Amino acid sequence: MLENKANPTINKSTGLPRKRFYRARAHSNPLSDSHFPIPLSPSHVDYSLHYPQLFPSSDQINGSKIQFADIGCGFGGLLISLSTLFPETLMIGMELRDKVTEYVKERISRLRVANPGQYQNISVVRTNSMKYIPNYFEKGQLSKMFFLFPDPHFKEKNHRRRVISPHLLHEYAYVLQVGGIIYTITDVEELGEWMKSCLENHPMFEALSQEELEADPAVKLLSTATEEGQKVARNGGQTFQAVYRRIVPAS
Amino acid sequence: MEDPPIEECEHDDVNKTEQDTQMEESKQNNKDVEVAPALIAVHPTQNSVAVSVGSDLRVFNVPEDCAVTLVDESGGASHNDSIRAIKYGANGKLFVSAGDDKLVKVWSTESWRCISTVYSEKRVSALAVSNDGLHVCFADKFGVVWVVDLPGVDGSEAPLNRKAVPLLGHYCSIITSLEFSPDGRFIVSADRDFKIRVTVFPKKPLDGAHEIQSFCLGHKEFVSCLAFICTPDYLQGILVSGSGDSTVRMWDVISGSLLDTCEVGAKAEQLKFDTSEANCSTVTDICTIPDCTLIAVAIQSLQGIMLLSCNLPSETLSVVKVVSIVGENFIPTSLGSSISGGLLWMVTGASKLSGSDHSSLSRVKVISGFRKSSPDSLEQEPVVLGDCEIPGGAKLLEKLQGSISIDEKVFSAAAEAVKTAMCNLLIKKQYSVEKRECRKRTRNDKKMR
């Protein structure tokens, strides 16, 4: 990280970190064995590290738990929009890339300083969500999961690296509460078809109706809140979303 | 977009030699990874005992006191590479074997004919048979558990070569062990990323297992083995697991909560006088002695086994005793027991030892004394049986071992090789930052400028 006396990594006028010093490749290999600390179990997640104002000590005596997870949160756009929309809810972003995670940490930290009392309910963690989601969340803990513009992994041999897949949906169904919602959006049509069909074919998910989609404030953020979404809009691209609810399977 | 500054590796000459040694190391590691431990399995009523070494499967019929000849006319291929898992299932009616040759073979234990050969896409690392004998599950090194249904348990049906379908997956993690719960409700899978997953075994397994019951999280290294303790009071079974973190842990599968941990590695260390070897207390196998709450644990450095007792009302584990093997080099690579026999069977051995002529030798030993006079105490102290005292005697040993007497050095080499193989396979490699950067430089996916 470049840091000199004038601290150019932080923009002087906005006080926020500058992206050019946190550049990283868009791809990160989810199969590689990276080394970053992973909590032994959900009860080992350090809430005082992520939400210092709400959890002054390491004991989770507050009782509330993380309810929203943004998988592959990128530069944090969605989390920041959700933070003020749902100020009472704890949320976390999960990102595989080291530098991007650092950027989001900086951004949240600066926003907290500039807006006292706000943005205390969001945080980011560097982790491989395809392997370690059960380490972070208990059964039925989450009420919302977001997968915005995931890596399409175009080649058929790489389809198994996609973050939405039949086997991974079992794990997402495990951490989502009954009635919890999974939001996905992409600008790649083939990936949109893939994600929709995985969700459609999974017995523990059912699609939201048109009325429910229109009534949900989070749905509007899908295409507008993130840097990726804004780029797609700028280029006049089309987006494909699939929003499903976790249900008890009819057996 | 500007590239972030890359840390330059300092001296190119040093890099070259580092890379060379890395290449040599990885070649050596690959060789060691090929070494497969000898395995043992015992029929529930001790009707037969099976040992696998490499691609060799050997079975001895105990009541009839004779070696068994396996008949394979199913039309499928025969085992031609290391067998990695063997198990008796369906109350002893079936026997399954699978391994690096990507074959899963199902045998009838009455006729010892192969009734089915299933082809796997990847090397198989673990096996389980459903209690009703209708399904066989096998796991591969990529983290997928497959399920195949069996035509019928009596071997008189024409052998069919069935196709397996995926049941569930641990994302990109080697699955080390698979077990069904005694009541058949759950299938438990353990992987090398420290996780144990309990999944509801569905009524229609071929449609996939969607419902995860719980995750048993708490191990700090790869999970190497699983077993269920089953007593008349606890018919649903209590799960115990062994791991590379040198502990045996006890779990409640319904909630996934950790009931107790036993630091078996530390206890084993206390017995040794030389502490020159660090980090060799991986739990390699565990075996529950049916109908009592004893668990036999094989630990990498221990010449013998450690016996643990599980106190069910208080849900705690404690070390009862260490049974040492004296007089010969014997570190068990696999354990087995039957329901009625009151004996613990052990085997040591390995396949494909580099530089050794003894490529398929194994040594079998038995510990007796597990018949219970009352639920809390054993009739007699566990004792290691001499060769002539074990059921089947010399004939059994000759069949299962491949020979009656074997040079001791073979087995110390075997134990070392198995230890290295397990470490290389299951422990994630740690590289320093400089090494990682150097490794990235030899990646071949960079675009040409």
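As the structure is a prediction and not an experimental result, all values here were calculated from the model.

**Focus on the overall build of chain B**
Here comes step 1: On a plain count of helices and strands, chain B comes out with five helices and 30 strands.
Here comes step 2: Scored against the burial criterion, the 449 residues of chain B give a buried share of 55%.
Here comes step 3: For chain B, restricting intrachain contacts to residue pairs at least 6 apart in sequence, the fraction spanning at least 24 positions comes to 54%.
Here comes step 4: Taken as a whole, chain B presents about 19,900 Å² of accessible surface, with 50% of it coming from carbon and sulfur.

**Focus on the overall build of chain A**
Here comes step 1: When its secondary structure is counted, chain A shows nine helices and seven strands.
Here comes step 2: The buried share of chain A, taken over its 251 residues, is 51%.
Here comes step 3: The long-range share in chain A, meaning contacts at least 24 apart out of those at least 6 apart in sequence, stands at 75%.
Here comes step 4: When the accessible area of chain A is evaluated, it comes to approximately 11,900 Å², of which 50% is carbon and sulfur surface.

**What to know about helix α3 (residues 393–401) of chain B**
Residue and element names in this part refer to chain B.
Here comes step 1: Within the span of α3, buried status applies to Gly393, Leu396, Leu397, Leu400 and Gln401. Viewed end-on, α3 has its buried residues packed into an arc of 105°, placing them on one side of the element.
Here comes step 2: Summarising the contacts, the buried residues of α3 are in contact with β2 (48–53), β3 (56–61), β26 (343–349) and β27 (362–368).
Here comes step 3: Backbone geometry just downstream of α3 places Gly402 in the positive-phi region, at approximately 95°.

**Examining the UniProt feature "repeat: WD" (unreviewed entry) in chain B**
Residues and elements named next belong to chain B.
Here comes step 1: The UniProt record marks residues 76–117 and 216–261 with the feature "repeat: WD" (unreviewed entry), using the residue numbering of this structure.
Here comes step 2: Helix makes up 0% of residues 76–117 and strand 55%, whereas the separation of the span's terminal C-alpha atoms amounts to 6 Å.
Here comes step 3: A distance of 13 Å separates the end C-alpha atoms of residues 216–261, which is 0% helix and 63% strand.

**Some points on the sheet that holds β2 of chain B**
Residues and elements named next belong to chain B.
Here comes step 1: In space, the four strands of this open sheet follow the order β1-β2-β3-β4, with antiparallel pairing throughout. The two strands at the open ends of the sheet, each matched to only one other strand, are β1 (39–42) and β4 (66–68). Taking the axes of each pair of neighbouring strands and ignoring which way they run, one obtains an average angle of 25° across the sheet.
Here comes step 2: Here β3 pairs with β4 via three bridges, running antiparallel. Its bridge partner lying in β4, Phe60 is registered against Ala67.
Here comes step 3: Strands β2, β3 and β4 of the sheet are contacted by α3, whose axis makes an angle of about 165° with β3.

**Side note on helix α8 (residues 217–224) of chain A**
Residue and element names in this part refer to chain A.
Here comes step 1: Three or more residues of α8 are buried, namely Ala218, Val219, Leu221 and Leu222. Buried positions in α8, seen along its axis, are confined to an arc of 160° and lie on one side of it.
Here comes step 2: Tucked inside the fold, the buried residues of α8 contact α2 (77–85), β4 (142–148), β5 (176–186), α7 (210–215) and β7 (240–246).
Here comes step 3: At the N-terminal boundary of α8, the capping side chain belongs to Asp216, with an oxygen 2.9 Å from the backbone nitrogen of Ala218.

Criteria and thresholds
- Residue numbers restart at each chain and count upward from 1, following the sequence in its written direction.
- A letter from A marks each chain and a number from 1 marks each ligand, given out in the order of writing.
- In view of the model being predicted, local features appear only for residues whose pLDDT reaches at least 70, and side-chain atom pairs are presented and counted only at 80 or more, with totals across whole chains, interfaces and linings using the full set of residues.
- Computation of side-chain values covers all heavy atoms of the structure but excludes hydrogens and water.
- The way it works is that DSSP assigns letters per residue, a run of H or I at least four long becomes a helix, a run of E at least two long becomes a strand, and they are numbered from the N terminus.
- For each residue, the accessible area found with a 1.4 Å probe, counting protein chains only, is set against the maximum for its type, and the residue is called buried under 20%, exposed over 50%, and partly exposed in between.
- In what follows, residue pairs with any heavy atoms lying within 4.5 Å of each other are defined as contacts.
- In this description, accessible areas are obtained by the Shrake-Rupley approach with a 1.4 Å probe, and a residue is regarded as covered only by the protein chains that are shown.
- The directions from the helix axis to the C-beta atoms are what the arc is built from.
- UniProt positions are given in the numbering used here, feature names are shortened, and annotations may be inferred rather than shown by experiment.
- DSSP calls a pair of strands paired once it identifies at least 2 bridges connecting them.
- As a rule, the C-alpha atoms of each element are fitted with a line to give its axis, helices using only the stretch in contact, and angles between N-to-C directions run from 0 to 180 degrees.
- Two N or O atoms count as a polar contact when they lie within 3.5 Å, although within protein this holds only if one can serve as hydrogen donor and the other as acceptor, and sequence-adjacent residues are included solely when both atoms are side-chain atoms.

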